[in-house]
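Chain by chain, the residues:
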Amino acid sequence: MAKTTQLATELESREVAEQAREKDWEKQSFARALFEGRFDLDLVYPQPEPDPGEQKKAAAFLERLHAFAEDHIDGDAIDREGHVPQAVLDGLAELGAFGIKTPEEYGGLGLSQLSYLKALAIVASRCSATGAFLSAHQSIGVPGPLLKFGTEEQKQRYLPRLAGGALSAFALTEQDVGSDPANMSTTAVLSDDGEHWILNGEKLWTTNGPRADIIVVMARTPAEEGSKRKPISAFIVETDWPGVETVHECSFMGLRGLSNGVLRFTDVKVPRDNLLWGEGKGLKLALITLNTGRLALPAFCAAAGKGCLEMLRDWAGSRVQWGLPVGKHDAIAQKLGKMAADTFAMQSLVDVIGAMSDSGDFDIRLEAAVAKMWATETGWSLVDEAVQVRGGRGYETHESLESRGETAYPVERCLRDMRINTIFEGSSEIMRLFIAREAVDRHLAVAGDLVNPKAPLGAKLTALVKAGIHYAWWYPTRFFGWSFWPKYSGFGKLARHARYIERTSRRLARATFHTMVRFGPALEKRQAVLGRIVDIGAELLVMSTVLVRARTLMEKGSAETGVDALADTFCRQSRRRISERFRSLFDNEDTATYALSSRFLEGDFTWLEAGVVSFEGYRPTASKPTAKPETSEPADQVVHA
């Protein structure tokens, strides 16, 4: 019988996640202010201005990259063959695309986050898998954490190689480790002579891993004296070292050219100097790196939206049914209008938050998480609708369409490629929990002990006094404020949406407080409620970036036409979604649905599965992992990511 793996308890998992959180807010956060009831528009408007010299250099690079992508990256061939040719990667490296943000002193181009996102969009518009190579290499691979946390010696040793074309990867996930790193089993211990770390373990779904030269590996290191908790540390590992092997290459529904696999480490000798940042700081390093790394996904989604708009402008404008182009029929026109507005919104997120990142004046952990969550869900919906508008031709493959002489738009490939984005770099469900945890952080700082079942009576009484003083001032201020004409009149016809954001941010702050009072410690279990709060805040953030970008474009007098119409339509639709979520915040079917789900898992509805051939033959015979029995008291925080 196979050995049963014991997994971490709920409390242990929460403690690991809480330990890795960035607990301080040293810089300003526009999104955090929104969740707290403050619409600090002056933080993001006017947008931070990019450096003219950097923009000129970036424009030349992006032009060369565009030409290379058009001439040498064949997304359909890559999808068909399941492989990105080495010649493509070599060509990108020669252009400097492997070191876009790496400073020139280390052999890179030294360009901005915004220019990097533009580059990813160009490449991904030809092939999402090739775009993923560049993103995994630079967003979460070795260059990102090395630039933030590496020693000067490490930077000198590795960054020139990485910028020159040495492919990198990031290895965190394991068989029992997805969003829950507490179950990590990969270990690193110092050798007897103290010169090396001895690395052992196996990593799953390592993007770029099978073709990578240098990777960051997360592993458990020995517990400190007097502690039972083995911290997670990050190591720079070269794949040609003895003991590093790829034991399986994964294939997927989409991104078929992706290099992704299972890596095994057997007594790998990692030089002591290859510890990155410090012992026990690996998980925090990963989370901080992801704050900017997640912005790649909204850029990919915006690129997909633009491609779909071009396809549908041609198809819906020329395909005639019932005497009219299909785009003139209201049912299709509604889809097209929403797609255009959503694409404008996704690009607004990329532009505004990218500029915030480049300025260095913001803590964008919330902005990046919201952008990733909202854009990937919106992008998936948009591409799904594009397939619907194309009809049977949307479901038919590029090769089949081409072989019978049809215009072979690759929307079917786009759909398959897009599906992973709501899972990559933190699933939508995990993003909502992460955002919720940060959104209530100030409340926990004030009144955390009141909702903490482990807190002693004295701590609760102290928290009660502290909370009473704080909320006696805070709560009324979330009712009062001038959010009517002529405020924001400089935004013209869009001003009413700015005023709506200000009013609604205060309403959101009150609603968040109400949920904490109503549910207390049980709030952490009410993830659907938290999700609605997060979704409201997300819509407000996206609306804000839409207004900022629209006004910026209009003030510059640029060639973009209809910006006000795109922004206005998006904000109208967003306001409707917000209203629906407020209505269902407390008036919902959550409890009944959860109870039904519990009965389903207990086997009450197996009769629903009758009448079809069972999937039993797919199930392995090995025992499933089991969680340790929960013996500890409930966690002391209301919400955990």
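Just above, that's the structure.
Described below are features of the structure shown in this document. What you see is a predicted model; the values in this text were computed from it and never measured.

Description of the side chain of Asn291
Structurally, Asn291 can be placed in helix H10 (residues 282–293). Among the residues examined, Asn291 registers a relative accessible area of 8% and is labelled buried. Discounting residues that sit within four places of it in the chain, Asn291 has contacts with Glu22, Ile364, Arg365 and Ala368.

Quick look at a nonpolar patch on the surface
Taken together, the side chains of Leu450, Leu457, Leu461 and Leu464 make up a nonpolar region of the molecular surface, amounting to roughly 390 Å² of accessible area. Within the secondary structure, Leu464 is located in helix H19 (residues 457–477).

Quick word on a negative patch on the surface
Taken together, Asp192, Asp193, Glu195 and Asp273 make up a surface patch of like negative charges. Within the secondary structure, Asp192 is located in the loop between strand S3 (187–190) and strand S4 (196–207).

Thoughts on the packing of aromatic side chains
Applying the stated criterion to the full structure yields 14 aromatic pairs. Relative to Phe513, the ring of Trp474 lies with its centre 5.9 Å away and its plane at 55°, an arrangement referred to as tilted. In this pair, Trp474 sits in helix H19 while Phe513 sits in helix H20 (residues 495–519), placing the two residues 39 residues apart along the sequence. Given the relative accessible area of 4%, Trp474 is considered buried. Judged by its relative accessible area of 18%, Phe513 falls in the buried class.

Considerations on the side chain of Glu396
By the element assignment, Glu396 lies in the loop between helix H14 (392–395) and helix H15 (398–403). At 2.6 Å, the side chain of Glu396 and the side chain of Ser400 are in polar contact. A polar contact is formed between the side chain of Glu396 and the side chain of Arg404, at a distance of 2.7 Å.

The rules we used
Residues numbered from 1 in each chain as written. Predicted model: local features only at pLDDT ≥ 70, side-chain atom pairs only at ≥ 80, totals over all residues. Heavy atoms only, no water. Helix = DSSP H or I, 4+ residues; strand = E, 2+ residues; numbered from the N terminus. Buried < 20%, exposed > 50% of the residue type's maximum accessible area, 1.4 Å probe, protein only. Contact = heavy atoms within 4.5 Å. Patch = residues over 30% accessible without salt bridge, like charges linked within 9 Å, V, L, I, M, F, W, Y side chains within 5 Å. Areas by Shrake-Rupley, 256 points an atom, 1.4 Å probe, with all protein chains shown as cover. Salt bridge = Lys/Arg side-chain N within 4 Å of Asp/Glu carboxyl O. Lys, Arg positive; Asp, Glu negative; His and termini not counted. Charge placed at Lys NZ, Arg CZ, Asp CG, Glu CD. Phe/Tyr/Trp six-rings, centres within 6.5 Å; stacked < 30°, edge-to-face > 60°. Polar contact = N/O pair within 3.5 Å; in protein donor to acceptor, adjacent residues only side chain to side chain.

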